[in-house]
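Topology and contacts: notes
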Amino acid sequence: DAGVIQSPRHEVTEMGQEVTLRCKPISGHNSLFWYRQTMMRGLELLIYFNNNVPIDDSGMPEDRFSAKMPNASFSTLKIQPSEPRDSAVYFCASSYFGTGRDEQYFGPGTRLTVT
Amino acid sequence: GDSVTQMEGPVTLSEEAFLTINCTYTATGYPSLFWYVQYPGEGLQLLLKATKADDKGSNKGFEATYRKETTSFHLEKGSVQVSDSAVYFCALIDGGYQKVTFGIGTKLQVIP
């Protein structure tokens, strides 16, 4: 299994630009999670989906952030417009909820730098 | 609400020393408990888990026992190696919810 795939691995952009982060979960998993990690705030859950439906987006910082999951094998996290304080590592994770094997599998992350 | 408390670190140990990282939790239901490890520049990886009281999770020489009476899940290893240097996260999933509650992470540095 290829694991959770994220792209790009690194993104450098200027303030005000749109940023799109991509995630391919593990095949067969039915839940997908987006996290943000910074030194100051640690690991924060932004949003999660179950069967492609957003279940909890209470962690999304503000309206500049949006996430979609058009099908079981693809999700995007978009920031528009981006700001320097959005600089962080963004992780996608997936799991198979409902079998008792509910541990999450993380991707390698996207390091975002907004200048 | 649910919460996980773990020592902040960093923890610095010499190679072959004994490791303990404390973790206690608060949960409204009957949670599953996890330890995840994050190596530099990588995502989190599941290290071990336990799903019910008195279960012991183990992997790569690490162990943790689910103690319901003390609401704890302390991570231990008898002899650490330089390659164990990483950040360790204690976490729980409570009942029927999928959200994982993570601790703040404890950075471990093992010196030769």
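Reading the values: rules and limits
Residues numbered from 1 in each chain as written. Chains lettered and ligands numbered in written order. Predicted model: local features only at pLDDT ≥ 70, side-chain atom pairs only at ≥ 80, totals over all residues. Heavy atoms only, no water. Pairing = 2+ DSSP bridges. Helix = DSSP H or I, 4+ residues; strand = E, 2+ residues; numbered from the N terminus. Axes fitted to C-alpha atoms, helices over the stretch in contact; angles between N-to-C directions. Disulfide = S-S within 2.5 Å. Buried < 20%, exposed > 50% of the residue type's maximum accessible area, 1.4 Å probe, protein only. Phe/Tyr/Trp six-rings, centres within 6.5 Å; stacked < 30°, edge-to-face > 60°. Lys NZ or Arg CZ within 6 Å of the ring centre and 35° of its normal.

**Concerning the sheet that holds strand 1 (residues 5–7) of chain A**
All names here are of chain A. Strand order in the open sheet formed by four strands is 1-3-8-7, with antiparallel pairing between adjacent strands. Both edges of this open sheet fall to strand 1 and strand 7 (65–71), since each of them pairs with a single strand only. On average, each strand axis in the sheet is tilted by 15° relative to the strand beside it, whichever way the strands run. As paired strands, strand 7 and strand 8 (residues 74–79) are joined by five bridges and run antiparallel to one another. Pairing of Lys68 across the sheet is with Thr76, part of strand 8.

**Things to note about the state of the cysteines**
Working definition of a disulfide: a covalent bond connecting the sulfur atoms of two cysteines. Residue and element names in this part refer to chain A. Within this structure, the stated rule accounts for two disulfides over all chains. Each sulfur of the disulfide joining Cys23 and Cys92 lies 1.9 Å from the other. Residues Cys23 and Cys92 share a disulfide whose torsion about the S-S bond is about -65°; that sign makes it left-handed. Taken together, the residues span a long stretch of sequence, with Cys23 in strand 3 (residues 19–24) and Cys92 in strand 9 (residues 88–95) at a distance of 69 residues.

**Quick word on unusual backbone geometry**
A negative phi holds for most residues other than glycine; trans holds for most peptide bonds. Residues and elements named next belong to chain A. The omega angle of the peptide bond from Ser7 to Pro8 is -10°, so this bond is cis rather than trans. Locating Pro8 in the fold gives a position in the loop between strand 1 and strand 2 (10–13). Residues other than glycine seldom take positive phi values, yet Asn52 does so here, at roughly 75°. Inspection of the secondary structure puts Asn52 in the loop between strand 5 (42–50) and strand 6 (53–56). Since its relative accessible area comes to 31%, Asn52 is described here as partly exposed.

**Regarding the packing of aromatic side chains**
One pass over the full model with this rule turns up 13 aromatic pairs over all chains. Taking the centre distance of 5.2 Å and the plane angle of 25° together, the rings of Phe33 of chain A and Tyr48 of chain A count as stacked. Taken together, the residues Phe33 of chain A in strand 4 (residues 31–38) and Tyr48 of chain A in strand 5 connect sequence positions 15 residues apart. When sorted by exposure, Phe33 of chain A lands in the same class as Tyr48 of chain A, which is buried. The rings of Phe33, Tyr35, Tyr48, Phe91 and Phe106 of chain A together with Phe34, Tyr36, Phe89 and Phe102 of chain B are connected pair by pair, giving a single aromatic cluster. Above the plane of the ring of Tyr30 of chain B lies Lys68 of chain B, whose end atom (NZ or CZ) is 5.5 Å from the centre.

That's the geometry; what it means functionally is another story.
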